[in-house]
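# Observations on the model geometry
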Amino acid sequence: MFENKWQSISLILGVVFLLLSIAFIVVVGFDYPVFLLGTFSGTSFFISYAVKQSREFQLANQLTSLLERNQNVLSICNRHVSPSMLSEPMDIEIAQISKLTVLDESLTVVLDDNEQGFDFKLTGDADAIKLRLKELLTKEELQQISLS
């Protein structure tokens, strides 16, 4: 069902926490809200961790999926923090980009030298993000865009 043992263990622990909280509610009732909060928190943590380890979620968070080029448009998508909330990519015309600032796990895009732009959270270190941008942009475009 899952690709790795941590994913399977997390899902099993999440189900155990869920069953434990349901059994506690049936036997004791709602007299212990701290215990209930803890078990539901454990349930949500382990189940969401299991889903985040899935192949589909990891593919959606690869740098090649978050930074793409479609003709003269750069499609940039923020890193997905939740498997249920996959954000849509933002399309930015390459001709409008004047500056790209790359840090570890982030990218700032400045448009038309007006210091207005967008911030994106990406996966990967600064070198990997710069390498991906150099793969997507032509030499002429890189000469017109300040990349730091």
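Shown above is the structure to which this text applies.
Residues numbered from 1 in each chain as written. Predicted model: local features only at pLDDT ≥ 70, side-chain atom pairs only at ≥ 80, totals over all residues. Heavy atoms only, no water.

### Quick look at the overall build of the protein
We apply this condition: Helix and strand labels come from DSSP, where a helix needs a run of H or I of at least four residues and a strand needs a run of E of at least two; each type is numbered from the N terminus. Contacts are assigned to residue pairs with any non-hydrogen atoms lying within 4.5 Å of each other. Only the protein chains shown count as cover for residues, and the accessible areas themselves come from Shrake-Rupley with a 1.4 Å probe.
Looking only at helices and strands, the protein has 6 helices and 7 strands in total. What you see in the protein, going N to C, is helices and strands ordered as α-α-α-α-β-β-β-β-β-β-α-α-β. Taking as baseline every contact in the protein between residues at least 6 positions apart, the subset at least 24 positions apart corresponds to 47%. Only carbon and sulfur atoms are counted for the fraction: they give 59% of the accessible area of the protein, which is about 9500 Å².

### A short note on the nonpolar core
The condition that has to hold: The criterion is simple. A nonpolar core is a set of buried Ala, Val, Leu, Ile, Met, Phe, Trp, Tyr and Cys residues joined through side-chain atoms within 4.5 Å. Residue burial is assigned from relative accessible area. The probe radius is 1.4 Å, only protein chains are included, and a residue is buried under 20% of its type maximum, exposed over 50%, and partly exposed in between.
Of all hydrophobic cores here, the largest spans 22 residues; its most connected members are Leu-67, Ile-76, Leu-107, Val-109 and Leu-122. At the level of secondary structure, the elements contributing two or more residues to this core comprise helix 4 (63-66), strand 2 (73-76), strand 4 (97-103), strand 5 (106-111) and helix 5 (126-136). Apart from residues no more than four positions distant in its own chain, Ile-76 is found in contact with Leu-66, Leu-67, Pro-89, Met-90, Ile-92, Leu-107, Val-109, Phe-120 and Leu-122.

### Remarks on the packing of aromatic side chains
Where we set the bar: Note on aromatic pairs: the rings of Phe, Tyr and Trp (six-membered ring only in Trp) are paired at centre separations within 6.5 Å, and the planes decide the class, stacked below 30 degrees, edge-to-face beyond 60, tilted for the rest.
Under the defined criterion, the tally for this structure stands at 1 aromatic pair. Summarising the aromatic geometry, the rings of Phe-118 and Phe-120 are spaced 6.3 Å apart at their centres and angled 40° between planes, so their arrangement reads as tilted. On the basis of relative accessible area, Phe-120 is assigned to the buried category, the value being 5%.

### With respect to the side chain of Asn-61
Looking at the element boundaries, Asn-61 is found in the loop between helix 3 (55-60) and helix 4. Taking the relative accessible area as the measure of exposure, Asn-61 reaches 10% and is therefore buried.

### Digging into the sheet that holds strand 6 (residues 116-121)
Consider a sheet: its strands pair through backbone hydrogen bonds, and that pairing is either parallel or antiparallel. Defined as follows: Paired strands are those between which DSSP finds at least two bridges. Under this scheme, a helix contributes an axis fitted over its contacting stretch, all axes are lines through C-alpha atoms, and angles between N-to-C directions fall in the 0 to 180 degree range.
Read across the open sheet, the 4 strands follow the order 6-5-4-7; overall the sheet is mixed. Single-partner strands in this sheet number two, and they are strand 6 and strand 7 (146-147). Sheet strands in contact with helix 5 are strand 4, strand 5 and strand 7, and its direction is about 150° off that of strand 4.

### Observations concerning the pattern of salt bridges
The criterion, for reference: Salt bridges are identified by distance alone: a Lys or Arg side-chain nitrogen within 4 Å of an Asp or Glu carboxyl oxygen.
The final tally for this structure, using the stated rule, is 3 salt bridges. Put simply, Glu-105 and Arg-79 hold a salt bridge, and the shortest N to O gap is 3.2 Å. Of this pair, Glu-105 sits in the loop between strand 4 and strand 5 while Arg-79 sits in the loop between strand 2 and strand 3 (90-93); the two residues are 26 residues apart in sequence, bridging distant segments of the chain. Glu-105 sits in the partly exposed class, given a relative accessible area of 41%. With a shortest N-O distance of 3.3 Å, Glu-135 and Arg-132 are connected by a salt bridge. Here Glu-135 and its partner Arg-132 are both found in helix 5, 3 residues apart, which amounts to about one turn of the helix. Judged by its relative accessible area of 51%, Glu-135 is exposed.

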